[in-house]
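Listed below, chain by chain, are the residues.
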Amino acid sequence: MNQRRRELSRADRLLPGLWRLRLPLPWPGVPHVNAFAIAAVDGVVLVDTGLYEPGAMRQLERALDQAGLSVEHVRLLVCTHAHSDHYGLAAPILERAGCELWMHPDHDHMTRAARNPERAFERRLEVARQSGVPADTLAEYESARRGQGFGIAEIVLPDRQLVHGVEVETDLGVWQVHETPGHAPSHVVLHQPERGLLLSGDHLLGRVSLYYDYGWTPDPAGEFLDSLDVVDRLDVQLVLAGHGRPVRDARALTEANRRAVQERIERVRRAISDGPRTPYDVVPDLLEAEPGSPMMLNWGLSETLCYLRHLERTGAAHKVDGADPERWALAA
Ligand SMILES: [Zn+2]
Ligand SMILES: [Zn+2]
């Protein structure tokens, strides 16, 4: 366990009726996640929740309290996507506030996995094995990760499906839902057109940090690129991201993400250009470093697999027939 002293949560008022709630995370390199409280009639719409872990509800309460609010003021909970840091506390919030949860219907990547954690873990190990991860590295990963929770209090399903065209009413105006899969299949952003505000979740962050849920949709990297186009079509003056500070220039962020994805796809393409290689072999080329921990390897491997799929779908690469572990080569 990480013994370092934990940061405390806090609330920043961004506009009258709009608060950013900074909730600490125990993850290396990701010190906190943002939830947002938006005034709505006699309470608030809460966007995202923070991770479920010991003391997390107290951290959320502390941030809400700084905004003059309590969990009981939440009239509606909206989750930008079903990752633990954005959805983990949904169950206790719904129970205390007696409100509805709105979330995108493609939440299996979390809810199905969390329903059967052993199976999800076995499946992940099998993907790693098929990708060429050596047995001793697999065993190390297995002992580090087995039995670790998902960071969600309980599986709760949405009362309403957050799909394109759904609107969320607040005192700051109506927020429109746009589907932005890629980072996660369940990802949406919320846009307030008159004020040019965008609640971007993890789709757009202040600094480029690419992550995709592998194995739930055919081409997460391609979906992510399409979802950057979705944001480019919106009038955005201020990006309220799921981590880090608000950012003004949305176009600069979409461009930086597009460039980063293209560059990383190119690294993978180059890595398989002199003959078939396993996804595991490609990871150091993608990261431009040896993965320093099982977590880095897991992250790098998912990303590599997503780019290989993307190259396959665009006709640039193929999996060599019958190879186990799988091996990839450029298309002839
Ligand atoms: Zn996420
Ligand atoms: Zn996140």
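In case you missed it, the structure is sitting above this.
Right, let's walk through the structure included here.

Rules of the game
Residues numbered from 1 in each chain as written. Chains lettered and ligands numbered in written order. Predicted model: local features only at pLDDT ≥ 70, side-chain atom pairs only at ≥ 80, totals over all residues. Heavy atoms only, no water. Donors = N, O, S within 2.8 Å, 3.2 Å for Na, K, Ca; no water. Helix = DSSP H or I, 4+ residues; strand = E, 2+ residues; numbered from the N terminus. Buried < 20%, exposed > 50% of the residue type's maximum accessible area, 1.4 Å probe, protein only. Pairing = 2+ DSSP bridges. Contact = heavy atoms within 4.5 Å. Axes fitted to C-alpha atoms, helices over the stretch in contact; angles between N-to-C directions. Parallel < 35°, antiparallel > 145°, perpendicular 65-115°, else oblique. Nonpolar A, V, L, I, M, F, W, Y, C, P; charged D, E, K, R; others polar. Expected span 1.5 Å × (residues − 1). Arc of directions from axis to C-beta. Core = buried A, V, L, I, M, F, W, Y, C linked by side-chain atoms within 4.5 Å.

Side note on the coordination of the zinc ion (ligand 2)
Point 1. Of the protein atoms, only Asp85 (OD), His86 (NE2), Asp202 (OD) and His243 (NE2) coordinate the zinc ion (ligand 2), at distances of 2.1 to 2.2 Å.
Point 2. All donors of the zinc ion (ligand 2) belong to a single chain; written as a sequence motif, their spacing is D-H-x115-D-x40-H.
Point 3. Here the zinc ion (ligand 2) and the zinc ion (ligand 1) are spaced 3.6 Å apart, linked through Asp202, which binds each one. Residue His86 is located in helix α2 (residues 84–87), and its partner His243 is located in the loop between β12 (238–241) and α8 (250–271); the two are separated by 157 residues in the primary sequence. An identical accessibility class is assigned to His86 and His243; each is buried.

Observations regarding the coordination of the zinc ion (ligand 1)
Point 1. In the first shell of the zinc ion (ligand 1), the protein supplies His81 (NE2), His83 (ND1), His183 (NE2) and Asp202 (OD), at 2.1 to 2.3 Å from the metal.
Point 2. All donor residues of the zinc ion (ligand 1) come from one chain, and their arrangement in sequence is H-x1-H-x99-H-x18-D.
Point 3. By relative accessible area, which is 11% here, His83 ends up buried.
Point 4. Using a relative accessible area of 7% as the deciding quantity, one classes Asp202 as buried.

Digging into the sheet that holds strand β1 (residues 10–15)
Point 1. The strand order β1-β2-β3-β4-β5-β6-β7 describes an open sheet built from 7 strands, whose pairing is mixed. Each end of this open sheet is capped by a strand with a single partner; those strands are β1 and β7 (160–161).
Point 2. Bridge analysis of strand β4 (residues 43–47) against strand β5 (residues 74–78) gives 4 bridges, and the strand direction is parallel. Counted as the bridge partner of Leu46 is Leu77 from β5.
Point 3. Against the sheet, helix α1 (residues 56–66) contacts β1 and β2 (18–27), and its axis sits at roughly 155° relative to β2.
Point 4. Strand contacts of helix α3 (residues 90–97): β4, β5 and β6 (100–103), with the helix running at about 155° to β5, the strand carrying the most contacts.

Topic: the sheet that holds β12
Point 1. One open sheet accounts for 5 strands, arranged β8-β9-β10-β11-β12; its pairing is mixed. Each edge of the open sheet carries a strand with a single partner, namely β8 (167–170) and β12. Taking each pair of neighbouring strands and ignoring which way they run, the sheet shows an average axis angle of 25°.
Point 2. Of the pairings in the sheet, the one linking strand β9 (residues 173–179) to strand β10 (residues 188–192) comprises 4 bridges and is antiparallel in character. Pairing of His178 across the sheet is with Val189, part of β10.

Thoughts on the packing of helix α7 (residues 220–232) against helix α10 (residues 294–313)
How two helices pack is summed up by the angle between their axes together with the distance between the axes.
Point 1. With their axes 7 Å apart at the nearest point, α7 and α10 run at an angle of 80° to one another. Classified by the interaxial angle, the pair formed by α7 and α10 is roughly perpendicular. The residues of α10 that touch α7, namely those facing Pro220, Ala221, Gly222 and Leu225, are Cys306, Tyr307 and His310.
Point 2. Tallied by class, the residues present in the contact of α7 with α10 amount to 5 nonpolar, 2 polar and no charged.

Notes on helix α5 (residues 117–130)
Point 1. In this model α5 runs 20 Å from its N-terminal to its C-terminal C-alpha over 14 residues, within 8% of the 20 Å that 1.5 Å per residue would give.
Point 2. All of the buried residues along α5 are Phe121, Leu125 and Ala128. The arc enclosing the buried residues of α5, seen along the axis, measures out at 60°, which places them on a common side.
Point 3. One or two positions beyond α5, positive phi appears at Gly132, with a value near 95°.

Details of the nonpolar core
Point 1. Ranked by size, the top nonpolar core spans 41 residues in total, and within it Leu210, Tyr212, Val239, Val261, Val268 and Tyr307 carry the most contacts.
Point 2. Sorting the residues of this core by element identifies α5, α6 (135–145), α7, α8, α9 (279–287) and α10 as the ones contributing at least two each.
Point 3. The contact partners of Leu210, leaving out residues within four places of it in the chain, are Phe224, Asn257, Ala260, Val261, Arg264, Trp299, Glu303 and Tyr307.
Point 4. Judged by nonpolar contacts, the second largest core, of 37 residues, contains Leu25, Leu64, Ala67 and Ala114.

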